[in-house]
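An overview of the molecular structure
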Amino acid sequence: MEKDTSVWWKTGVIYQVYPRSFQDSDGDGIGDLQGVINRLDYLSKTLGVDAIWLSPFYPSPQADFGYDVMDYCNVDPVFGDLTVFDRLLCEAHQRGLKVIIDIVPNHTSDRHPWFVESRSSRENPKRDWYIWQDAKEDGTPPNNWLAVFGGSSWEWDETTQQYYLHSFLKEQPDLNWRNADVREAMFNVYRFWLDRGVDGFRIDVAHYIMKDPEMRDNPINRDPSKGELKPTGDYDKLLHIYDKGHPDVHGVYHDLRDILDSYSPPRYSVGEIHIAEWKEWATYYGQNNDELHMPFNFALLVAPWKAAAIRKVIENVEKVTPSWGWPNYVLGNHDEPRIAGRLGVEKARQAAMLLLTLRGTPTLYNGDEFGQKNVEIPLEEQKDPWGKRVSGTGRDRNRTPNQWSPEANAGFTPAGVTPWLPVADDYRTVNMECELKESRSILNLYRKLLAFRKLSAAIKSGTYELIDPTPADCFAFLRQSGHERIITAFNMGETTARFDFHRFGRLEIIVSTGMDRAGLADSRYVDLSPWEGLVLRVL
Ligand code: NOJ
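The structure displayed is predicted, hence computed values, not measured ones. (Residues numbered from 1 in each chain as written. Predicted model: local features only at pLDDT ≥ 70, side-chain atom pairs only at ≥ 80, totals over all residues. Heavy atoms only, no water.)

Side note on the site of the ligand
- Surveying the vicinity of the ligand reveals 13 residues, the closest of which are Asp 64, His 107, Asp 204, His 334 and Asp 335.
- The separation between an oxygen atom of the ligand and a polar side-chain atom of Asp 64 is 2.6 Å.
- The side chain of Arg 395 places a nitrogen or oxygen atom 3.0 Å from an oxygen atom of the ligand.
- Relative to its unbound accessible area of 300 Å², the ligand is 97% covered by the protein chains.
- Residues belonging to the shell around the ligand are distributed by class as follows: four nonpolar, two polar and seven charged. (Near = heavy atom within 4 Å. Polar contact = N/O pair within 3.5 Å; in protein donor to acceptor, adjacent residues only side chain to side chain. Areas by Shrake-Rupley, 256 points an atom, 1.4 Å probe, with all protein chains shown as cover. Nonpolar A, V, L, I, M, F, W, Y, C, P; charged D, E, K, R; others polar.)

Right, here's the structure in full:
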């Protein structure tokens, strides 16, 4: 059944801006909010996305590059100030772009005034705002919980002789969401930004905020295939069933949804929720369209680029998304290896076509539209605290500056300035300016797909139907709205594949991943070269 898709977050395309790496406007080698303003025309007109999600820009010691917040209601001077933020919001809205901001509810910086108070004494009124526990009799931490970024998630506080919990760095103490004052204070943070006019929130590790109230030990993980993270030290030696995702989390997002719905128009929420078990993941939509609008779906980030695997991901998403819910897909973000690095540019072009034609909201990661790759940075020059602590986890490689032009520093920051992370070596050819001039560039493929999507009700909001059978190593689906029928077909194999589409009648090729075919297709068979993708209209 076709769904009500009148809202922007269902029909639109979201673009993640990682502000540190997007565009520097003041020559300090770090991107900033004025830099984002300077690129709004690119985003709204040249590329043609509908919304931006800004990664954290709040005052922060930057222990985890902004995911350690010192003041939730302000802007770090490195990025600008509230006036610049308001201008960004206004300029984005003038161009029809929605603005989503990142909220980090699970933890603050250890330099947040709440934590400074909390750790000052056991009697402090904010003591219970964080999660404090006595040591075991032998002085060791209260349980076996491990931090994502390595080591125990408990840190001993000498002054008050207790441990505090930190699911990530020790500089990121976890808030105690079971305390009603914390809940209210954090809901007021949401209200602060809603009143300023933001259109929604991306909620950092949304499921972490509620832990087992009894703080039980996590069980040992006896099945390595159940690991949650990449090759990350000891973390995957445990099954993380007690240190996050306690069912009480749903009450919080239920209340948050009431707040979001009380605004006119209602505002949007997407949770960062890494849960591999599909049914549990889908519970974050709520019981009755009453929690998050979407839990981020990260499955395509890790799926092998094989027809059967991709088809399975989509089958699962279609199966578990509740009838009122709306799917979503991502190919990259500031935490994951770049898609063009992981798969190579050819498959990254297929990935772009898949992302932009599936049923569900696409979220793009800045720079992926240029085909930016991972930049391997020697350990001694790495900045990411995770990469420095646990070998193989570094995220600097996928956070290098956006490549805008063939000029020095790729136009990210002026010549002569050292950018906070190195610009990729390939920037003289892989950049916005050059790719705009090159008719078959990956950027022009993104632009073409985005432009087509805007005009196609079938793609934006139509039904999804798997086309089966297809040749080996191939995958195809039909999107339909009213009389409009659009087919997307992929050859994910090494030899030419022949699709028999005669049941659809006449077909027109709208776009190919190679940007080298258009017009009427053969009346019965359509051949796809190895690693080609096609969008076709049923005439
Ligand atoms: C998830 C964020 O995406 C990541 O960048 C951050 O390090 C952790 N949460 C901790 O906030």
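Past the structure itself, the notes keep going.
Brief notes about the domain arrangement of the protein chain
- Here the domain parsing of the protein chain yields domain 1 (8-107 + 180-208 + 250-449), domain 2 (113-165) and domain 3 (462-538).
- Taking only C-alpha atoms into account, the centre of domain 1 sits 32 Å from that of domain 2.
- Counting residues at the interface gives 12 residues for domain 1 and six residues for domain 2.
- Taken over both partners, the interface formed by domain 1 and domain 2 buries close to 820 Å², and the fraction arising from carbon and sulfur atoms is 73%. (Domains from an automatic or database assignment. Contact = heavy atoms within 4.5 Å. Buried area = accessible area lost by both parts, 1.4 Å probe.)

Some thoughts on the pairing of strand E3 (residues 98-103)
- For E3, the tally of buried residues reaches five of six residues, placing the bulk of the element in the interior.
- Here four bridges tie strand E2 (residues 51-54) to E3, and the two strands are oriented parallel to one another. Bridging from a neighbouring strand, Leu 54 pairs with Ile 101 of E3.
- As paired elements, E3 and strand E7 (residues 200-203) share four bridges and run parallel to each other. Within E7, the position partnered with Ile 101 by the bridge is Phe 201. (Buried < 20%, exposed > 50% of the residue type's maximum accessible area, 1.4 Å probe, protein only. Helix = DSSP H or I, 4+ residues; strand = E, 2+ residues; numbered from the N terminus. Pairing = 2+ DSSP bridges.)

So, the packing of helix H5 (residues 82-94) against helix H7 (residues 180-196)
- In the contact formed by H5 and H7, the axes pass within 11 Å of each other and the chain directions differ by 55°. For the element pair H5 / H7, the angle class is oblique. Where H5 abuts H7, its residues Leu 82, Phe 85, Asp 86 and Leu 89 lie against Phe 192, Trp 193 and Arg 196.
- Among the residues forming the contact of H5 with H7, the class breakdown is five nonpolar, no polar and two charged. (Axes fitted to C-alpha atoms, helices over the stretch in contact; angles between N-to-C directions. Parallel < 35°, antiparallel > 145°, perpendicular 65-115°, else oblique.)

Here's the deal with the sheet that holds strand E1 (residues 14-17)
- Strands sit in the order E9-E8-E7-E3-E2-E1-E11-E10 across an open sheet of eight strands; the sheet is parallel. Strand pairing shows two members of the sheet lacking a second neighbour, strand E9 (294-295) and strand E10 (328-330), which therefore form its edges.
- Bridge count between E1 and E2: four bridges; the pairing is parallel. Counterpart to Gln 16 in the pairing with E2 is Trp 53.

Side note on the packing of aromatic side chains
- All chains considered together, the criterion is met by 37 aromatic pairs.
- Where Tyr 72 meets Trp 114, the ring centres are 5.9 Å apart and the plane angle is 40°; that geometry is what we call tilted. Here Trp 114 lies in helix H6 (residues 113-118) and Tyr 72 lies in the loop between E2 and H5, a separation of 42 residues in the sequence. Of the two residues, Tyr 72 and Trp 114, both sit in the buried class.
- For the pair Trp 156 and Tyr 163, a centre-to-centre distance of 4.9 Å together with 65° between the ring planes defines the contact as edge-to-face.
- With relative accessibility at 8%, the residue Tyr 163 sits in the buried group.
- One aromatic cluster is present, built from ring pairs that chain together Tyr 15, Phe 22, Tyr 42, Phe 370 and Trp 404.
- In this structure, Lys 126 is placed above the aromatic ring of Trp 129, and the distance from its NZ or CZ to the ring centre is 4.8 Å.
- The aromatic ring of Trp 132 is capped on one face by Arg 127, whose charged end is 3.6 Å from the ring centroid. (Phe/Tyr/Trp six-rings, centres within 6.5 Å; stacked < 30°, edge-to-face > 60°. Lys NZ or Arg CZ within 6 Å of the ring centre and 35° of its normal.)

A few points about the pattern of salt bridges
- Going through the model one piece at a time under the given rule, you end up with 35 salt bridges.
- Between Arg 202 and Glu 272 there is a salt bridge, with the nearest N and O atoms lying 3.4 Å from each other. Separated by 70 residues along the polypeptide, Arg 202 in strand E7 and Glu 272 in the loop between strand E8 (268-271) and helix H9 (278-282) bring together distant segments of the chain. Like Arg 202, the residue Glu 272 is buried in the burial classification. (Salt bridge = Lys/Arg side-chain N within 4 Å of Asp/Glu carboxyl O.)

Here's the deal with the nonpolar core
- In this structure, Leu 43 and Trp 193 are the most contacted members of the largest nonpolar core, which totals 140 residues.
- A total of eight residues in this core trace back to one element, the largest contributor, which is H7.
- Non-local contacts of Leu 43, meaning those with residues more than four positions away in its chain, are made with Tyr 15, Val 17, Phe 22, Gly 48, Val 49, Ile 52 and Leu 97.
- Counting residues in hydrophobic clusters, the runner-up holds 18 residues, among them Ile 487, Ala 521, Val 526 and Leu 528. (Core = buried A, V, L, I, M, F, W, Y, C linked by side-chain atoms within 4.5 Å.)

So, helix H11 (residues 307-320)
- Between its terminal C-alpha atoms H11 stretches 20 Å, which fits the 20 Å expected from 14 residues at 1.5 Å a residue.
- Within H11, the full set of buried residues consists of Ala 307, Ile 310, Val 313, Ile 314, Asn 316, Val 317 and Val 320. (Expected span 1.5 Å × (residues − 1).)

What about the side chain of Asn 328?
- As for its position among the elements, Asn 328 is in strand E10.
- At 2.9 Å, the side chain of Asn 328 forms a polar contact with the backbone oxygen of Pro 295.
- Not counting chain neighbours up to four residues away, the residues in contact with Asn 328 comprise Tyr 285, Met 294, Pro 295, Phe 296, Asn 297, Gly 360 and Thr 361.

Section: unusual backbone geometry
- The omega torsion across Ser 264 and Pro 265 is -5°, close enough to zero to call that bond cis.
- Among the secondary structure elements, Pro 265 is positioned in the loop between helix H8 (249-261) and E8.
- The linkage connecting Asp 468 with the following residue, Pro 469, adopts the cis geometry, with an omega of 0°.
- Tracing the backbone through its elements, the reader meets Pro 469 in the loop between strand E12 (463-466) and strand E13 (474-481).
- Although it is not a glycine, Ala 410 adopts a positive phi angle of roughly 55°.
- Positionally, Ala 410 belongs in the loop between helix H14 (385-389) and helix H15 (432-437).

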